[in-house]
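Read off the chains here:
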There are 2 protein chains.
Amino acid sequence: MIQRIYKPEPERLSAALCDAHGQMSMASLETRLIVAATRHADALGIGYRELMADRNVWVLSRMSIEMERMPAILDTFVIETWVESFSRHISYRNFAVLDGEGRPMGYARSLWTCISLDTRRPSTLAPLDCAAEGRECPIASIPRLTAVGEPVETSEVTFSYSDIDFNRHVNSARYVERLADALGMEWHDRHRIVRLDIAYLHETHYGDKAHIDIARSEDDTRLDADITVGDTAVCRARLTVAPR
Amino acid sequence: MIQRIYKPEPERLSAALCDAHGQMSMASLETRLIVAATRHADALGIGYRELMADRNVWVLSRMSIEMERMPAILDTFVIETWVESFSRHISYRNFAVLDGEGRPMGYARSLWTCISLDTRRPSTLAPLDCAAEGRECPIASIPRLTAVGEPVETSEVTFSYSDIDFNRHVNSARYVERLADALGMEWHDRHRIVRLDIAYLHETHYGDKAHIDIARSEDDTRLDADITVGDTAVCRARLTVAPR
């Protein structure tokens, strides 16, 4: 029987996995969402092994994460995930992060594309009735992100060995990590990220030098970022923020 | 009853968590060992919560990891851990990494110190009979690491937001990550790390600028590294390597 909602065992957040604020970082949460997605795809028979048999892989195109609160040291939490819709080339997949009592801490939406490793173009999947139709994801849709306006601060980053995944591209969560680093500790001490919208536009490789351009809204509730390599925007992100 | 050997459920390594070679990286393995140690300490009643009640924390002083092979994409593996000896201020803790059939993939040894958050000096723990006396850890002891000799290559790193843990120090595994990055992708394409010995000598903070000095043995089987901030060696590591 098809497992329409993937519900692993709840776990407790180890102190060793927490950020400077004793919580799960946004980059670490995104990694966990991706792992949950990957495990559910494996369980559905549309995972790494099955796709690789045809030289295809899932690529994360967009992710929107909205959290009321982040799991903190020794908090119990669980990440549930389900497919909202599945078509020939793409899949919309949602997530709920629940606490130890099953109360929502936040939700996420994501868009995945199946591409051919040989052509790097979208590849076609067989139809699969796997969507969990009843399950709600009560956060706003994935937005279109446009290039950042002025004013802009720029920093530079070179992607290194630890940023690269098995596919020889920069790991999706590492863009979030580099953006979080560009903001600096003082910014994180004063702000909490309420929502992250991120679009992965182009693959980036080992040794690529990227610019991170950041524009902040005047009321300090929003921050837009473009990550570019040469003249190409490779990743675009928006942070909705609140005082910590 | 005291759980002398911590044995979690085996898991499968998600593709999303693999390095450029489709395997668990050494830094990622060290993080998992630390998490297993933390969970076992929680189960033994000498975890984060209990120690923090007296303003104490466990600090990792040394770690030696020796792997015959690393878990790769979709491999099943489990990390078991046990205390070898436990005295007033310190604890020696060992680890076994087993594959899906229970065969050893490698082992690790570690030394932990209990320190006071207020004085940053070793703190005293009540005696606890928790050692797993029969369990063997068939790898060489934790060595003393001395300062690197010549010839030396030097690179520079500044510790950023994502490197910092809840304790506001650089996360132990991040030194391994920065060292792995300093070696570069070509080095990793040609070499496999068979054993890591690492000693954490001084705490490092957000924004600290460190130098990584690396000396390679002439026969290309060993590599010694010092990470220094100013004139202080904060971390020292030795890699035993083999051709990939």
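One can find the structure itself at the top, above this paragraph.
Cut-offs applied
- Residues numbered from 1 in each chain as written.
- Chains lettered and ligands numbered in written order.
- Predicted model: local features only at pLDDT ≥ 70, side-chain atom pairs only at ≥ 80, totals over all residues.
- Heavy atoms only, no water.
- Helix = DSSP H or I, 4+ residues; strand = E, 2+ residues; numbered from the N terminus.
- Least-squares fit on C-alpha atoms with pLDDT ≥ 70 in both.
- Contact = heavy atoms within 4.5 Å.
- Buried < 20%, exposed > 50% of the residue type's maximum accessible area, 1.4 Å probe, protein only.
- Pairing = 2+ DSSP bridges.
- Expected span 1.5 Å × (residues − 1).
- Bend = angle between axes of the 7 residues up to and from the residue.
- Salt bridge = Lys/Arg side-chain N within 4 Å of Asp/Glu carboxyl O.
- Nonpolar A, V, L, I, M, F, W, Y, C, P; charged D, E, K, R; others polar.

**What about unusual backbone geometry?**
Part 1 of the reasoning: Located in the positive-phi region is A:R55, a residue other than glycine, with phi close to 60°.
Part 2 of the reasoning: By secondary structure assignment, the location of A:R55 is in the loop between α2 (48-52) and β3 (56-67).
Part 3 of the reasoning: The phi torsion at B:R120 lies on the positive side, around 60°, for a residue other than glycine.
Part 4 of the reasoning: Among the secondary structure elements, B:R120 is positioned in the loop between β6 (104-116) and β7 (153-158).

**Some words on the relation of the copies chain A and chain B**
Two chain copies here: they are related by a rotation about an axis and a translation along the same axis.
Part 1 of the reasoning: Take chain A, turn it by 180°, move it 0.0 Å along the axis, and it overlays chain B with an RMSD of 0.0 Å. What we have between these two chains is a two-fold relation. When C-alpha distances to the rotation axis are compared across chain A, the minimum falls at A:E9, with a value of 5.4 Å.
Part 2 of the reasoning: Both copies present the same face, since 100% of the interface residues in chain A are matched by interface residues at the equivalent positions in chain B.

**What about the pairing of strand β5 (residues 90-99) of chain A?**
All names here are of chain A.
Part 1 of the reasoning: Most of β5 is tucked away: eight of the 10 residues are buried.
Part 2 of the reasoning: Here strand β4 (residues 76-86) pairs with β5 via nine bridges, running antiparallel. Across the sheet, residue T81 finds its bridge partner in β5, namely F95.
Part 3 of the reasoning: Counted along the chain from β4 to the antiparallel partner β5, the turn is three residues long.

**A few points about helix α3 (residues 172-190) of chain A**
Part 1 of the reasoning: With 19 residues, α3(A) should cover 27 Å at 1.5 Å per step; its first-to-last C-alpha distance of 25 Å lies within 8% of that length.
Part 2 of the reasoning: At A:G184, α3(A) shows its largest kink, close to 95°.

**With respect to the interface of chain A and chain B**
Part 1 of the reasoning: Listed as interface residues are 40 residues of chain A and, on the opposing side, 40 residues of chain B.
Part 2 of the reasoning: A salt bridge links A:E11 to B:R39, with the nearest nitrogen and oxygen atoms 3.3 Å apart.
Part 3 of the reasoning: Listing elements by their share of the side of chain A that touches chain B, those giving two or more residues are β2 (11-12), α1 (26-44), α2 and α3 of chain A.
Part 4 of the reasoning: Top element by residues in the side of chain A that touches chain B is α3(A). It accounts for nine residues.
Part 5 of the reasoning: Looking at the side of chain A that touches chain B residue by residue, the class counts come to 16 nonpolar, 11 polar and 13 charged.

**A few points about the environment of B:G47**
Residue and element names in this part refer to chain B.
Part 1 of the reasoning: As for its position among the elements, G47 is in the loop between α1 (26-44) and α2 (48-52).
Part 2 of the reasoning: The sequence separation of G47 and L125 amounts to 78 residues, and the corresponding C-alpha distance is 12 Å.
Part 3 of the reasoning: Apart from residues lying up to four places away in sequence, G47 is in contact with A41 and D42.

**Structural notes on the environment of A:T232**
Residues and elements named next belong to chain A.
Part 1 of the reasoning: Structurally, the position occupied by T232 is in strand β11 (residues 232-243).
Part 2 of the reasoning: Separated by 31 residues in the primary sequence, T232 and L201 place their C-alpha atoms 9.0 Å from one another.
Part 3 of the reasoning: Ignoring sequence-local partners within four residues, the contact set of T232 consists of H202 and I227.

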